[in-house]
Structures are given as structure tokens and as C-alpha cells.
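Per-entry structural report
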Amino acid sequence: MSSFENSPQILAVKAFLRGFFLSVLDTVRGSFTAFYEWLRNVPIPVPPTMLKLFSNNKANFFIFCLVVIYVLYINIKTFRLFAADKKYAVRNKERVPERVLFKNMWLGGATGASLAMWLYRHKTQHRNFVVTALGLLFVQLLMFSFVLGFLGFWAFF
């Protein structure tokens, strides 16, 4: 160590930074501890398939049909966009912009995108497409299952 590193100013700065980071660490640890204690005291919820958004079965069925129609529409649209982009790529024509493909995946078309990527072997070398499609597929399936569960999905079958 040189004499510069042992100077009183440097030692004071080191002590201040050490104290600051220790206080931040204690604050974060305290926040997580409080959150964990709160989470332990939360009662176990009723499974979503036992809940219904409305007591009216007709309203639930109507919303259920709207959700299913939207999911089918956006996935078919995304599948067709990926198929068209592959066709344009093979023929060296103007391509579908990547932002359009990503937008449709984010709007609920991750299933159609994943299916088209697998079926046409399109965009599978682009890591950002593969990771986004698979991540959104998981999130969207989870989200749609909860939405349909809250509408009393199992009551219709």
C-alpha cells in the first residue's frame, strides 16, 4: 500500500462508504424481512377456478367467449405474420418489421409466434426472438388461465 491510500482523507471516505453501504444493506434486509412476515400472515386464497368474477353466468360466459376469441385472433394473426415474413425472406422481398412481430407477441400472440417459429424454422437463430417468444408464452398461458379461472371457466364444461 502506498502512503496515498493510507492518507486520512482516503480512510475517511472509505469509512463513510462502508457505513453508507452497510446502512443500505440493513434497510434492504429489513424491507425483505417485513415483506416476508407480511406474506406469512396472508391467508391462503381460494383457488381461482372456484371464484367467479360475476354471479351472472351469462356475463361470465360472454366475457369467456370474448377472451377466447381475442386469444385465437391475435395468435392466428401473429402466426400469419411470421409465415409471411418467412415467405418474404425466401423471395428476397420487403420483410415484416421486427417491431410488428414483437408487438403482436406482446399483445398475446406468443403461442402463434412460437408455433410459426417452430413450424417454419423462422427467427430461431435470433436469440431475442426465441427468448421473448418462450418467456411470453409462459407468462401468457399463466395469465389467460387465471383470467379464465376467475370467470369460472370450469363451470362451462
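The structure this text deals with has already been given above.
To start, this report covers the structure provided alongside it. (Residues numbered from 1 in each chain as written. Predicted model: local features only at pLDDT ≥ 70, side-chain atom pairs only at ≥ 80, totals over all residues. Heavy atoms only, no water.)

**As for the nonpolar core**
Note the cut-off: Nine residue types can take part in a nonpolar core, namely buried Ala, Val, Leu, Ile, Met, Phe, Trp, Tyr and Cys, and a core is a set of them joined through side-chain atoms within 4.5 Å. Exposure categories follow from relative accessible area, calculated using a 1.4 Å probe and restricted to protein chains: below 20% of the type maximum is buried, above 50% is exposed, and the middle band is partly exposed. Only DSSP runs of H or I reaching four residues or more are called helices, and only runs of E reaching two or more are called strands; each is numbered from the N terminus. Contacts are assigned to residue pairs that have any heavy atoms within 4.5 Å of one another.
F82, L101, M105, M117 and F129 are the most contacted members of the largest nonpolar core, which totals 14 residues. Where this core is concerned, the elements lending two or more residues are α2 (57-90), α3 (98-120) and α4 (127-150). Aside from chain neighbours lying at most four places away, what touches M105 is T78, F82, A110, A113, F129, T132, A133, L136 and Q140. Membership of the second largest hydrophobic core comes to five residues, among which are V67, V71, F144 and L148.

**Regarding unusual backbone geometry**
The backbone phi angle of N92 is positive, close to 55 degrees, even though this residue is not glycine. Following the sequence through the fold, N92 ends up in the loop between α2 and α3. Of note, R121 is a non-glycine position whose phi angle comes to about 50 degrees, a positive value. Here R121 lies in the loop between α3 and α4.

**Quick word on the side chain of T132**
Here T132 shows up in helix α4. On the accessibility criterion, T132 (19% relative accessible area) is buried. Excluding residues within four positions of it along the chain, T132 makes contact with F102, M105 and W106.

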